[in-house]
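Listed below, chain by chain, are the residues.
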Amino acid sequence: MKFQPSVFRAEFPSLQSDSIYLDSASTSLKPQVMIDATNHYYTHNTATILRSKHSTALALTEQFEQARILTAKLINAEHSHEIIWTKGATESLNLIAQSHARYLLKEDDEIIISELEHHSNLIPWLQVAQQIGVKVIKWSIEEDGSLSTDRLLTLITDKTRIITVTQMSNVTGFKPDIAKISDIAHQHNAIIVVDGAQGIVHQAIDVKKYNIDFYVFSAHKLYGPTGLGVLYGKSDLLTKMDCGQGGGKMLKSASFTGFQPADLPYKFEAGTPNIAGALGFHATLKWLFALDTEAAEAYTNKLVNDCRAKLIEAIPQLKIISVADSSILTFALPHIHHDDISILLAEQNIAIRAGELCAQPLIKALGFPGVIRASFMPYNNIDDTNHLISGLQSAIDILK
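As the structure is a computational prediction, the values presented were derived from the model and not from experiment.

Trainee: So what exactly am I meant to see when it comes to the pairing of strand β15 (residues 371–375) here?
Mentor: Each regular strand carries side chains that alternate between the two faces of the sheet. The buried fraction of β15 amounts to five of the five residues, a majority that puts the element mostly inside the structure. Along β15, one buried face is formed by V371, R373 and S375 and the opposite face, lined by I372 and A374, is buried too.

Okay, here's the thing in structure tokens:
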């Protein structure tokens, strides 16, 4: 389907209000197809799945598993059973840390973590370090905010077991070379964990081509519902992992002396899952597969680049932090607090994000107490960018 900005924008009912939404890196707006699918489940087809044998439950189970199949297709996973449903990317990363690293790594093994990471891809590894004594090695950014694979090579030792890195920084928009990092990891008998929460909506990923061991993302940043996440893992790694949580549906047999876990993917999916979320995401993926995503991303990047150029001209003191050709526009204003800007923009119905963006180590490395981030999607337009520029000028005038 050809990408047409005005037609695409009309798919999102929340844009009928007067507010300007420039906080999509936090969560994307939802298309009508996702809303309809979720609403239909709660209105007409409420039933559980993978248990009951009545017709509604069987039909819903089929749709639920179709969502898993489409998700595998999205990232080109070898098997749909390599797709594990979680509550979000954060839970997915915690599951890898607690069920893979904690059980299979030993004291003094090393995990390399890039300085670009969101707290979700830092704290779980720090917890494992406290629990079993593995060492966390910081992969520092360069002066320009990028990640150097040459620097990575100086950090790897024979004790390196995991390299974990974002697909796209939620602060700067920088996209590491995942293919090269994966090659380096496997050349040194380490595995690669990729946090795709920010990147998947802006950059296609192929877990087979890039030989990614674990990949995670959240549905809500990809036009889908909140409360639904994805953990992709290679079958052999998932099979070795501890199941993490116990309960209904994740076992083959149980007694008071023990239990036998279910096969993949169900050994990781204890309890009643987010059925409505999976059905909503299924509808979202079908809708997304019909979209020319490359054209949509090109449109978004041009919109942001144009806005960036206008901002630099209109507000010379503004310090741009994000990279060019990105959906993210992050900046700071010397001598003006980021929260003051955020509040004054909110009073003008302009939604942005300000602060440390759940990335305190990165913000400190960049040398700012906090930043201001406007994040865009293909549903934004030039009116949104113009409102942002005029809103910033008005806020600065007030704060002077």
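Trainee: What exactly am I supposed to notice about unusual backbone geometry here?
Mentor: Glycine aside, residues mostly have negative phi, and peptide bonds are mostly found in the trans state. Going from L264 to P265, the amide bond is cis rather than trans, its omega being 0°. For P265, the location among the structural elements is in the loop between β10 (258–261) and α9 (275–289). Residues other than glycine seldom take positive phi values, yet K249 does so here, at roughly 80°. For K249, the location among the structural elements is in the loop between α8 (235–240) and β9 (251–255).

Trainee: What is the right way to look at the sheet that holds strand β3 (residues 110–114) in this model?
Mentor: Within a sheet, each strand pairs with its neighbour through backbone hydrogen bonds, oriented either parallel or antiparallel. Spatial strand order, β2-β8-β7-β6-β5-β3-β4: seven strands in an open sheet with mixed pairing. The open sheet has two free edges, formed respectively by β2 (83–86) and β4 (135–139), since each of these has just one partner strand. Each adjacent strand pair in this sheet contributes to an overall mean axis angle of 20°, direction not counted. Two strands pair when backbone bridges link them, and β3 and β4 are joined in this way by five bridges, in the parallel orientation. Of the residues in β4, the one forming a bridge with I112 is I137. Helix-sheet contacts for helix α7 (residues 178–187) involve β4, β5 (160–166) and β6 (191–195), and the interaxial angle to β6 is about 150°.

Trainee: How should I be thinking about the packing of aromatic side chains in this particular structure?
Mentor: One pair of aromatic rings is described through two measures. These are the centre distance and the angle between the planes. Here the structure, examined in full by the defined rule, presents 14 aromatic pairs. Between Y223 and W287 the ring centres are 5.2 Å apart and the planes differ by 80°, which places this aromatic pair in the edge-to-face class. On the criterion of sequence distance, the pair formed by Y223 in the loop between β7 (214–218) and β8 (229–233) and W287 in helix α9 is long-range, its members being 64 residues apart. When sorted by exposure, Y223 lands in the same class as W287, which is buried. Here a set of aromatic residues connected by ring pairs shows up, and it is made of F3, F8, F12, Y223, W287, Y299 and Y379. Directly above the aromatic system of F289 lies the positively charged group of K73, at a separation of 4.7 Å from the ring centroid.

Trainee: For this particular structure, what's the right way to read the packing of helix α4 (residues 89–104) against helix α5 (residues 123–132)?
Mentor: The axes of two packed helices give the description: the angle between them and the distance between them. Where α4 meets α5, the axes come as close as 9 Å, and the angle between the chain directions of the two elements is 25°. It follows that α4 is roughly parallel to α5 by the angle criterion. Of the two possible hands of crossing, α4 and α5 adopt the one that is right-handed. Facing α4, whose interface residues are L93, N94, I96, A97, Q98, A101 and R102, α5 presents P124, W125, Q127, V128, Q131 and I132.

Trainee: What is the right way to read the sheet that holds β15 from this model?
Mentor: Reading across from one edge, β11-β12-β15-β14 is the order of the four strands in this open sheet, with antiparallel pairing throughout. Two strands lie at the open edges of the sheet, namely β11 (319–320) and β14 (353–355), each paired on one side alone. Relative to strand β12 (residues 328–332), β11 is paired through two bridges, and the arrangement is antiparallel. Looking across to β12, one finds that I320 is bridged to F331.

Trainee: Can you walk me through the pattern of salt bridges in this structure?
Mentor: In a structure, side chains of opposite charge can pair up when their charged atoms sit close to one another. What the rule picks out here adds up to 14 salt bridges. Residue E142 pairs with R151 through a salt bridge whose shortest N-O separation is 2.6 Å. Under the relative-accessibility criterion, R151 is labelled partly exposed at 32%.

Trainee: I keep staring at the packing of helix α3 (residues 55–75) against α9 and nothing clicks. Help me out?
Mentor: With their axes 9 Å apart at the nearest point, α3 and α9 run at an angle of 50° to one another. One finds that α3 runs oblique with respect to α9. Judged by the twist between their axes, the crossing of α3 over α9 is left-handed. When α3 is examined against α9, the residues L60, Q63, F64, Q66, A67, L70, T71, K73 and L74 are found in contact with a partner set consisting of I275, A278, L279, F281, H282, L285, K286 and F289. Taken together, the residues that form the contact of α3 with α9 break down as 11 nonpolar, four polar and two charged.

Parameters and conventions
Residues numbered from 1 in each chain as written. Predicted model: local features only at pLDDT ≥ 70, side-chain atom pairs only at ≥ 80, totals over all residues. Heavy atoms only, no water. Buried < 20%, exposed > 50% of the residue type's maximum accessible area, 1.4 Å probe, protein only. Helix = DSSP H or I, 4+ residues; strand = E, 2+ residues; numbered from the N terminus. Pairing = 2+ DSSP bridges. Axes fitted to C-alpha atoms, helices over the stretch in contact; angles between N-to-C directions. Contact = heavy atoms within 4.5 Å. Phe/Tyr/Trp six-rings, centres within 6.5 Å; stacked < 30°, edge-to-face > 60°. Lys NZ or Arg CZ within 6 Å of the ring centre and 35° of its normal. Parallel < 35°, antiparallel > 145°, perpendicular 65-115°, else oblique. Left-handed = near helix turned anticlockwise from the far one by under 90°. Salt bridge = Lys/Arg side-chain N within 4 Å of Asp/Glu carboxyl O. Nonpolar A, V, L, I, M, F, W, Y, C, P; charged D, E, K, R; others polar.

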